[in-house]
Amino acid sequence: ATDVVGSTFPSWMVPMIQALMAPIADSEAQVGTNHLSILCSPNVERHFPAVSYWAAPLLHARKPHAVAADESLGQWVYDYVERIRARSNV
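Note that this is a predicted model, so its numbers are computed, not measured.

**Q** Sorry, what's going on with the packing of aromatic side chains here?
**A** Two aromatic rings are characterised by how far apart their centres lie and by the angle between their planes. In total, this model carries one aromatic pair according to the counting rule given. A centroid spacing of 5.4 Å and a plane angle of 10° characterise the contact between Trp76 and Tyr80, whose relative ring orientation is stacked. Here Tyr80 and Trp76 lie together in helix H5 (residues 71–88), a separation of four residues that amounts to about one turn. For Tyr80, a relative accessible area of 38% puts it in the partly exposed group.

**Q** Would you mind showing me how to read the environment of Asp70 here?
**A** Relative to the assigned elements, Asp70 resides in the loop between strand S2 (60–62) and H5. Given a relative accessible area of 35%, Asp70 falls into the partly exposed group. Here Ser72 takes part through its side chain, which lies 2.8 Å from a polar atom of the side chain of Asp70.

**Q** Please clarify how a nonpolar patch on the surface should be interpreted in this entry.
**A** A cluster of nonpolar side chains, contributed by Val67, Leu73, Trp76, Val77, Tyr80, Val81 and Ile84, occupies part of the molecular surface with about 600 Å² of accessible area. With respect to the helices and strands, Ile84 occurs in helix H5. By relative accessible area, Ile84 is classed as partly exposed at 37%.

Calculation notes
Residues numbered from 1 in each chain as written. Predicted model: local features only at pLDDT ≥ 70, side-chain atom pairs only at ≥ 80, totals over all residues. Heavy atoms only, no water. Phe/Tyr/Trp six-rings, centres within 6.5 Å; stacked < 30°, edge-to-face > 60°. Helix = DSSP H or I, 4+ residues; strand = E, 2+ residues; numbered from the N terminus. Buried < 20%, exposed > 50% of the residue type's maximum accessible area, 1.4 Å probe, protein only. Polar contact = N/O pair within 3.5 Å; in protein donor to acceptor, adjacent residues only side chain to side chain. Patch = residues over 30% accessible without salt bridge, like charges linked within 9 Å, V, L, I, M, F, W, Y side chains within 5 Å. Areas by Shrake-Rupley, 256 points an atom, 1.4 Å probe, with all protein chains shown as cover. Salt bridge = Lys/Arg side-chain N within 4 Å of Asp/Glu carboxyl O.

Without other data, these values stay purely geometric and don't point to any function.
Here you go:
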């Protein structure tokens, strides 16, 4: 089970959302196995640090989409979110 649901949704919704997630969500054991598989994969040595994420459990290294790697776009998004945050006084 994940605590993300509890910190994101009202407490009365949490049991329902977790029940709906159960058939499709990975267990904690499966997530741990995927992480260990990536860390132990020979792809780590071949591709690190040029990759952005790993497609587990296939262990294929992936690079980000060109838009995701655009630093100026990233800065624009950051500035935009900061302006919204400043206006909402959060």
